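If you want the building blocks of each chain, they are given just below.
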Amino acid sequence: MANEQDLMEKIVSLAKRRGFIYPSSEIYGGINGFWDYGPLGVELKRNIKDAWWHDIVRCPATGPDGRPIQMVGLDCSIIMNPKVWEASGHVVNFNDPLVDCKQCKARFRADKVFVACFYDQAAYKALPPGDTQAHLNFVRNPAYRFGVEADDESQVQAAAVAGANSDTRRKLESGKYEFRLPMRVDRLKPSDPLAACPACGGELTDARKFNMMFKSHAGAMEDSASLVYLRPETAQGIFANYKNVLDTTRIKVPFGIAQIGKAFRNEINPRNFTFRSREFEQMEIEFFCHPSQADRWYEYWRDARFKWYVDHGLKSTKLRLRPHEKDELAHYARACADIEYEFPFGVSELEGVANRTDFDLAQHQKCSGRDMTYFDDETKERFIPYVIEPSGGVDRATLAFLCEAYAEDEAPDEKGAMQKRTVLRFHPRFAPIKVAVFPLVKKDGMPEKAQAIYQACAKHLAAFYDEKGAVGRRYRRQDEAGTPFCVTVDGETNQNGTVTIRDRDTMQQVRIPGDNVLAYVRERLHI
RNA sequence: GCGGGCGUAGCUCAGUGGUAGAGCGUCACGUUGCCAACGUGAAUGUCGUGGGUUCAAGUCCCAUCGCCCGCUCCA
């Protein structure tokens, strides 16, 4: 763990030092949960988004039905009519503290749930005096404690007795049991094991407001009528536009709508560098299909998305595909799998693939009054499509690729002694800079020739020119930026026009004609 | 949210209540001949922020913000 912690610190440090990721508004002390991407970071992140958009929208694969996948893009506004969030369930119980049962997943208003105990007097008196732990264990024994829903404290005992079984009631009447310790659940200390679910007796989570949406006001008046939310997910914008897309594109089920965009969640506890941020970017597909085909499409997208991460360099040994257990599923989902990556700080979710059924469209149909059904002209069938949702975090993917790329190896210095080298082994598609061009020294016309090669490359791909300091240092700098190739103009260039081109990972150099640099790089990087 | 640790130069970090420091990095000039070269010089700090104690605070106290770790949480 110490090593992993060191590794994460090195990555954070490198990210800052080389301009990948900075703390947001750092000159004012930063702000918890917000991050900025620097010059290299913005290229990395953009490359990831571009690759996703290309592979999903522009050039989609063949689906499980043997036909090319139908996919269109969308870019929705961040602020929408608040009714969207009422329909989606995000606004539920806005002001009320809520608790969830960890066991049965039921949700209650914390100020309406009380916990108490029926003490077994005989057992209680038999406890060794002065043994605090024994008393605590006694009180927390699930056999005695219970939760009950009641409007206020005065009703707790009656409600508890009414809910008790006949055996318990007899013991209460005979004085063997005593009613004790009624306590509102949101007044317990966080995570107090006394908290018990009124439905099943299971352990409850801490009381908290579940609404994590950032709020603002649209218009001049800051009243409840002007209240709006920053979207906490991009999905609802797609559902809200589902009918528009159907009506304007001649697209047919099965098809998908893809979107990349910012979302905002007022996380209680941002943590782990950019992994859990309050402002983040999602790349998300809502794939609409016939209910009978949903399982098949779910499996297809789950496996396709997993493979995408593997194909772009995440080691399969560090990736997990974790299907959710039945009791772990959200209320709207019939199946869900997380694609997880083994970050230095632990295994965490990169992307979730869920079968959301017709929950969202049915919800919007109900709340908006608009018809969300689809009519299949071939089968003459009318239905609300099921939705398969692969939803990935762009910032999480960026962080995963950054962590995966980070490597330290050894390289000989000028005198032949081995020195530690830090190198980012990015997939070529993601490397922020594809090729760097150097003159070996700043004389004999080398800078001019190098500039010409740089200019030719820069028209087609991300290139970088550097003539400062020793060439070895420039190589190492590019290693830390993850640049796959470095081109050096030297004395021989003057004689025959050839340059050296150095590979980031092997550090081997080959001589090629200066005119061939662009073609060479494009061929090797498949771009 | 709770508990613990830490905030000093771009990075990593020293710093005993008494002049603000090192290594690396950055920049300039010179030198150069392929993997963090060398020489000379330079820039960079409200010591996270705000109060307090003191003749004097980077150092002690309080608050606050941020980061890290553990727990919790992540519809």
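Quantities reported herein were computed from a predicted structural model and do not represent experimental measurements.

What counts, and where the lines are drawn
- Residues numbered from 1 in each chain as written.
- Chains lettered and ligands numbered in written order.
- Predicted model: local features only at pLDDT ≥ 70, side-chain atom pairs only at ≥ 80, totals over all residues.
- Heavy atoms only, no water.
- Core = buried A, V, L, I, M, F, W, Y, C linked by side-chain atoms within 4.5 Å.
- Buried < 20%, exposed > 50% of the residue type's maximum accessible area, 1.4 Å probe, protein only.
- Contact = heavy atoms within 4.5 Å.
- Disulfide = S-S within 2.5 Å.
- Helix = DSSP H or I, 4+ residues; strand = E, 2+ residues; numbered from the N terminus.
- 1 Å grid on protein atoms, 1.4 Å probe; cavity = no way out; pocket = protein on both sides within 12 Å on 5 of 7 lines; lining within 4 Å.
- Points joined across faces, edges and corners; volume = space filled by probe spheres on them.
- Nonpolar A, V, L, I, M, F, W, Y, C, P; charged D, E, K, R; others polar.
- Phe/Tyr/Trp six-rings, centres within 6.5 Å; stacked < 30°, edge-to-face > 60°.
- Lys NZ or Arg CZ within 6 Å of the ring centre and 35° of its normal.

Engineer: Account for the nonpolar core, with residues named and values stated.
Structural biologist: Grouped together as the largest cluster of nonpolar side chains are 58 residues, with contacts concentrated most on Trp301 and Tyr309. Not counting chain neighbours up to four residues away, the residues in contact with tyrosine 309 comprise Met283, Leu314, Leu319, Ile339, Leu350, Glu351, Ala397 and Phe401. Counting residues in hydrophobic clusters, the runner-up holds 21 residues, among them Val435, Ala450, Ile453 and Val487.

Engineer: Mind laying out the state of the cysteines, listing which residues take part and the relevant values?
Structural biologist: If you walk through the whole model with that rule in mind, you get zero disulfides. You can see cysteine 336 has no disulfide; the closest cysteine sulfur is in cysteine 289, sitting 15 Å from it. You can call cysteine 336 buried: its relative accessible area is 14%.

Engineer: Provide a residue-level description of the environment of valine 84, including the pertinent values.
Structural biologist: If you trace the backbone, valine 84 turns up in helix α3 (residues 83–88). A relative accessible area of 12% means that valine 84 is categorised as buried. When the C-alpha positions of valine 84 and alanine 240 are compared, they lie 7.6 Å apart, and in sequence the two are 156 residues distant. Apart from residues no more than four positions distant in its own chain, valine 84 is found in contact with Gln236 and His364.

Engineer: If you had to explain the layout of surface pockets to someone new, which residues and values would you point to?
Structural biologist: Taken as a whole, the second largest pocket encloses approximately 570 Å³ of empty space. Around the second largest pocket, the lining comprises 22 residues; the ones closest to its centre are Arg67, Lys252, Val253, Pro254 and Asp376. Classifying every residue of the lining of the second largest pocket gives nine nonpolar, five polar and eight charged.

Engineer: Account for the packing of aromatic side chains, with residues named and values stated.
Structural biologist: Centre distance and the angle of the planes are the two values used to describe a pair of aromatic rings. Scanning the entire structure with this criterion turns up 25 aromatic pairs. Centre to centre, the rings of tryptophan 308 and phenylalanine 401 are 6.5 Å apart; their planes meet at 75 degrees, and the pair counts as edge-to-face. A residue pair is termed long-range when its members are at least 10 positions apart, and tryptophan 308 in helix α9 (residues 294–311) and phenylalanine 401 in helix α11 (residues 394–405) qualify at 93 residues. The two residues tryptophan 308 and phenylalanine 401 agree in class, both being buried. An aromatic cluster of at least three residues, connected via ring pairs, comprises Phe239, Tyr242, Phe255 and Phe288. The ring of phenylalanine 275 carries arginine 396 above its face, with NZ or CZ at 3.8 Å from the centroid.

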